[in-house]
Amino acid sequence: ILVWLLVVNVDNPIITRYISDVPLHVFNEAYIESGGKMCLIEESESTITVSVTGKRKTVERLTVGDIVATADLKQMISLNTNPVMVPISVSCAGISQGDIQAVPRNMSITLEEMMSQEFIISVDAGSSQPGTGYEIGEVQSIPEKIEITGPQSLIQKIDRVVAKVDVTGLVRDTTKKAELKIYDKNQDELYSGQVRYLKFDIAEPTVDVAVSLWKVRENVELVVSYVGTPASGYRVDHLLSTPSALKVAGTDEALRQLAENGNKIEIPASEIDVSGAGEDFETRVNIAKLLPEGLKLTTGSSDTVIVRANILPLQSREYQIPTKDIVVQNVPSGMEAVCETEKVTIRVRGSQAPLEDLTEAMINLSIDLVGRTEGSYEIPVNVTLPMGYETVADVKVTVKISEITDASNAEKE
């Protein structure tokens, strides 16, 4: 008998083992909701640790899947505490009830008032794009709104509900299933642990999204005009918009009307007021707000068009001279100089001769790089004009000076 006892206790002794990350199943949440409240369970309470006492060979074979842990909300200890404590029951086949217990033995929950609120469903296609030559025209969620019920603190955090839809490669109108994403007021998406407390007035948190595609029209010309009168002694030479043409998408009817208008969109003269202007100025115009109904800018296009009004003194004119025609003097030894723009603008007044007789070929330009080293510089331009003409504004050009690289040295490097 003594030998038998020694063998049993040495080879298969009684031990206590702690098993972590056992899932905790909560029952009878409807019992709480029937009273107009909902319970919130911390993420840390979703799993528990269980202690098991028994013979070593039996206990060491146990896994998380062998243990069942439950919390019955009908067994709440008291509603007058914060948080409310609920007993945890654990069981395992082959282990007596007295040899297994939860650590801790109670879970904590927070009770909150139940709240319902309606939200408009917005549609987001993300970075997905339809097939070539098409843009997303109109999208509509079906249904367009949704009622969400949940704990008051969580409902009050919700900022918007978005239906995420993928339109990659679409070339015709269609209806697609879209999953709903819920964002809080910090624009962070609610995580699954929060969403589990929410109830929707639809069977699943998904909706149908009707997608209408619009065809793309390129090279739509911008027509610009102005109102007002410049300062005395000045005139409006021309208006220049950047960009000068747009790429738009639209319904078949809107594109037809655009074609009838010569594929041109006019910026109202009231947007550009030159009253009292004595120098060039720029005006930013929100072109997206000026497009006719049924048209929109294509994805990636800027909403803003910059209109530059060139204001010149009377009896003056602008000339565009290629920078390659500028004579460069005193280039540093071993260096080369390159102008960083293609053309330079020269403004000339005909003091004693008509401007109609002056051509670009009669205007000579030069710059002097004396004392300059490697780097970029804004250099004054010397302008030489025939008799009877004079410049009305100083001219500068940006020049980059860099070391000349020998081809043989470059190959060695």
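Residues numbered from 1 in each chain as written. Predicted model: local features only at pLDDT ≥ 70, side-chain atom pairs only at ≥ 80, totals over all residues. Heavy atoms only, no water.

One pass over the full model with this rule turns up 0 aromatic pairs. It is Arg 160 that lies over the ring of Tyr 183; its NZ or CZ is 4.4 Å from the centre. Across from the ring centre of Tyr 197, 4.7 Å away, lies the NZ or CZ of Arg 196, which sits over that ring. (Phe/Tyr/Trp six-rings, centres within 6.5 Å; stacked < 30°, edge-to-face > 60°. Lys NZ or Arg CZ within 6 Å of the ring centre and 35° of its normal.)

Along the polypeptide, Val 26 turns up in strand β1 (residues 14-27). For the pair Val 26 and Ala 249, spaced 223 residues apart in the sequence, the C-alpha separation amounts to 53 Å. In contact with Val 26, other than residues within four places in its own chain, are Ile 41, Ala 71, Leu 73 and Met 107. (Helix = DSSP H or I, 4+ residues; strand = E, 2+ residues; numbered from the N terminus. Contact = heavy atoms within 4.5 Å.)

Of all residues in the protein, 97% have pLDDT values of 70 or greater, and the mean over the chain is 89. Within the model, the stretch residues 408-413 combines pLDDT values under 50 with 1 contact to residues more than four positions away or in other chains. (pLDDT = per-residue confidence, 0-100.)

This part takes up the sheet that holds strand β25 (residues 375-380). Strand order in this open sheet of 3 strands is β22-β28-β25, and the pairing throughout is antiparallel. Edge positions in the sheet fall to β22 (335-339) and β25, since each of these pairs with one other strand and no more. In this sheet, neighbouring strand axes are inclined to one another by 30° on average, regardless of whether the strands run parallel or antiparallel. Taken together, the 6 bridges between β25 and strand β28 (residues 396-403) define a ladder with antiparallel strand orientation. Each bridged residue has a counterpart across the sheet, and for Pro 380 the counterpart in β28 is Lys 396. (Pairing = 2+ DSSP bridges. Axes fitted to C-alpha atoms, helices over the stretch in contact; angles between N-to-C directions.)

Spatial strand order, β21-β24-β26: 3 strands in an open sheet with mixed pairing. The two strands at the open ends of the sheet, each matched to only one other strand, are β21 (327-329) and β26 (382-384). Here the average twist between neighbouring strands, direction ignored, is 25°. Bridge count for strand β24 (residues 364-368) against β26 is 3 bridges, and the pairing is antiparallel.

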